[in-house]
Amino acid sequence: MIISKNLKIDTKDNFQIIDITKEINNLLNNLDISNGILNIFSKHSTTAIVINENESGLLNDFKKSIGNLIPEHDNYKHDLIDNNAAAHLKSFLLSSSETIPINNNKLDLGTWQSIFFIELDGPRKNRNIKVTVIGE
Amino acid sequence: MIISKNLKIDTKDNFQIIDITKEINNLLNNLDISNGILNIFSKHSTTAIVINENESGLLNDFKKSIGNLIPEHDNYKHDLIDNNAAAHLKSFLLSSSETIPINNNKLDLGTWQSIFFIELDGPRKNRNIKVTVIGE
Amino acid sequence: MIISKNLKIDTKDNFQIIDITKEINNLLNNLDISNGILNIFSKHSTTAIVINENESGLLNDFKKSIGNLIPEHDNYKHDLIDNNAAAHLKSFLLSSSETIPINNNKLDLGTWQSIFFIELDGPRKNRNIKVTVIGE
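(A) The arrangement of the overall build of chain A in detail. Within chain A, the regular secondary structure consists of 3 helices and 8 strands. Secondary structure of chain A in N-to-C order comes out as β-β-α-β-β-α-α-β-β-β-β. A compact globule built from 136 residues should have a C-alpha radius of gyration of about 14 Å, and chain A, at 16 Å, falls within 12% of that. Seen through its principal axes, chain A has C-alpha atoms that stretch 50 × 30 × 25 Å. The buried share among the 136 residues of chain A stands at 68%. Counting only contacts in chain A whose residues sit at least 6 apart along the sequence, the fraction spanning at least 24 positions is 83%. The average position of the 14 basic charges and that of the 17 acidic charges among the side chains of chain A differ by 6 Å.

Put into structure tokens, the structure is as follows:
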């Protein structure tokens, strides 16, 4: 069985980390999947999908850490076209997607794992996430 | 339906970013997949597969940015064996693969997304990319 | 055919890179998969799954390189709660999973590719890796 769903997100800040674990699990609620995988793909090149612990101090540390690795401005050529090179460069380092196992209609995540959508160039309306489930 | 294809690429520069979106979509042309996923896997540890915007200034910014994060030489032990440690270390940070949704025989990418094969230790002949489609 | 398996690993060091290629291929031994994909997912947010060359000098270079990018301590807020922010931040940059093609009951890796489980906050007992095979 292969099922596709779309998830739309409005973001509020320039840099925002949004826990989408519940929304993704809700998409699985009415399906009958005992075993399989779920692919979460963000259709943007200034966002990312990552998995980690939902602890507010840590999420703040991550924002600082990725900002240290990719300075906001550094004579980027792309800033002359569209003033968001740093957002793209962070997205290059992170990833547009994650593929996660499913067990009994739920994401088979560890105790301390949440799925995050990261806005790197917000605020934006209608950020578009495609979710594809392959399961039995 | 599960289908595998191989894509061979000759690279011309030491560091080269190659847009392979069209080649991947061409592999889907003769198939009949309305819904599914496509996995692109590079069979090398000095290359990467990434998704981002195909704007020449940005691709130049990315080359500089990853070069700032991973210096070309830094007393790497692997340089004593094979003088390409920096290429491997960039590949560790990026990824060997991407998994992307399919919609009606086409990659379901966003408007500003392209798929890039990144050569980190070229030029090389016959870089080998395996594409696996799982769909209905 | 969709098959799930669990792999448990005990780690011995704070930072440890473990080649799990053989263990993963062993999981495929008794199956009958000519074509497909295999998803390896670590159920922890202070570990990573990466693919690269198994050369001891290079693995040492990688440990140093990721340590340069993410300092062990840097007034991280998460260190006040659980003294392992750097391990989480390394895991954010790397990835919790990899998805790899299968060819004739074996991972279709390149000559110089191995799959590594990376412990970033060990030693720990019973690190839990979920392996999902989708194939024909």
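What follows continues from the structure just given.
(B) Region of the structure containing the interface of chain B and chain A. Each side of the interface is counted separately: chain B has 35 residues, and chain A has 31 residues. Here chain B is connected to chain A by 2 salt bridges. In this assembly, chain B and chain A are joined by 11 residue pairs in polar contact (both at pLDDT 80 or more). Those elements giving two or more residues to the side of chain B that touches chain A turn out to be strand 3 (35–42), strand 4 (47–52), helix 2 (56–69), strand 5 (97–103) and strand 8 (127–135) of chain B. No other element matches helix 2 of chain B, which puts 11 residues into the side of chain B that touches chain A. Of the residues that constitute the side of chain B that touches chain A, the class distribution is 16 nonpolar, 12 polar and 7 charged.

(C) Structural detail: the relation of the copies chain B and chain A. For the pair chain B and chain A, the relating rotation is 120 degrees, the translation along its axis is 0.0 Å, and the fit reaches an RMSD of 0.0 Å. Read as a symmetry element, the transformation amounts to a three-fold axis. Different-surface contact between copies: only 14% of interface residues of chain B are shared with the interface of chain A.

What counts and how
Residues numbered from 1 in each chain as written. Chains lettered and ligands numbered in written order. Predicted model: local features only at pLDDT ≥ 70, side-chain atom pairs only at ≥ 80, totals over all residues. Heavy atoms only, no water. Helix = DSSP H or I, 4+ residues; strand = E, 2+ residues; numbered from the N terminus. Rg over C-alpha atoms; globule rule 2.2 N^0.38 Å. Buried < 20%, exposed > 50% of the residue type's maximum accessible area, 1.4 Å probe, protein only. Contact = heavy atoms within 4.5 Å. Lys, Arg positive; Asp, Glu negative; His and termini not counted. Charge placed at Lys NZ, Arg CZ, Asp CG, Glu CD. Salt bridge = Lys/Arg side-chain N within 4 Å of Asp/Glu carboxyl O. Polar contact = N/O pair within 3.5 Å; in protein donor to acceptor, adjacent residues only side chain to side chain. Nonpolar A, V, L, I, M, F, W, Y, C, P; charged D, E, K, R; others polar. Least-squares fit on C-alpha atoms with pLDDT ≥ 70 in both.

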